[in-house]
Amino acid sequence: MKLMYNGRHLKTIPKEFAEIPEIEHYIEDEFNLRLDEKERKHLSQALFEHRTRKFVTRQRQNPLLDAYLGDAKIVDAVKVITTHENYYAIRFDGEKLLKCPYEVYLVAPFHGIIQKA
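The notes below deal with the structure included here.

### Structural notes on helix 1 (residues 37-59)
Between the first and last C-alpha of helix 1 there are 33 Å, a value that for 23 residues agrees with the 33 Å anticipated at 1.5 Å per step. The set of residues buried in helix 1 consists of Glu39, Leu43, Ala46, Leu47, Phe48, His50, Thr52, Phe55 and Val56. Contacts from the buried residues of helix 1 go to strand 2 (8-12), helix 2 (63-69), strand 3 (74-81), strand 4 (86-92), strand 5 (96-99) and helix 3 (102-106).

Structure representation (structure tokens):
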């Protein structure tokens, strides 16, 4: 995907980052057409924040989940392994977990694993 600014080709960005709002704020070097590692890291973090914010906002419509999460901040995404099932979850501060789809877990910059007996 080509990111244009005032009719000028600014950067070539992978399609996976297309859904990030205001993507131009994450571009630091406007003279290099390719993303460098720092920009790619910032875009990955922004994509994770965007998808989790969208998912958590939908889940907070349930009053019980909203009360459970409170003002908790998102830490990362983890894979939870139990004796009966495996699932993906968003981890909040205070060790709160919220099940999430694989697509949210996949874009997380850090993947953790929690094993429960």
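### Some details on the sheet that holds strand 5
Pairing between sheet strands relies on hydrogen bonds along the backbone, with the strands arranged either parallel or antiparallel. Read across the sheet, four strands follow the order 5-4-3-6 without closing on themselves; strand pairing throughout is mixed. Each edge of the open sheet is held by one strand with a lone partner, namely strand 5 and strand 6 (111-115). Each strand of the sheet is rotated relative to its neighbour by a mean of 40°, with strand direction disregarded. Bridge count between strand 3 and strand 6: five bridges; the pairing is parallel. The residue bridging Ala77 from the neighbouring strand is His111, located in strand 6. Running at roughly 75° to strand 3, helix 1 makes contact with strand 3, strand 4 and strand 5 of the sheet.

### With respect to the environment of Leu47
One can find Leu47 in helix 1. For Leu47, a relative accessible area of 2% gives the class buried. For the pair Leu47 and Pro21, spaced 26 residues apart in the sequence, the C-alpha separation amounts to 9.2 Å. Beyond its immediate chain neighbours, meaning those up to four positions away, Leu47 contacts Glu16, Phe17, Glu19, Ile20 and Val107.

### Topic: the nonpolar core
Counting residues in hydrophobic clusters, the biggest one holds 16 residues, and the most contacted among them are Leu3, Ile13, Phe17, Ile20, Ile23, Leu35 and Leu43. Sorting elements by how many residues they give to this core places helix 1 first, with four residues. Not counting the four nearest positions on each side in its chain, Ile13 is found in contact with Met1, Leu3, Ile23, Ile27, Leu35 and Leu43.

### So, the pattern of salt bridges
What the rule picks out here adds up to six salt bridges. Salt bridges linked by common partners bring Asp76, Arg91 and Glu95 together as one network.

Here is what the cut-offs are and how they apply
Residues numbered from 1 in each chain as written. Predicted model: local features only at pLDDT ≥ 70, side-chain atom pairs only at ≥ 80, totals over all residues. Heavy atoms only, no water. Helix = DSSP H or I, 4+ residues; strand = E, 2+ residues; numbered from the N terminus. Expected span 1.5 Å × (residues − 1). Buried < 20%, exposed > 50% of the residue type's maximum accessible area, 1.4 Å probe, protein only. Contact = heavy atoms within 4.5 Å. Pairing = 2+ DSSP bridges. Axes fitted to C-alpha atoms, helices over the stretch in contact; angles between N-to-C directions. Core = buried A, V, L, I, M, F, W, Y, C linked by side-chain atoms within 4.5 Å. Salt bridge = Lys/Arg side-chain N within 4 Å of Asp/Glu carboxyl O.

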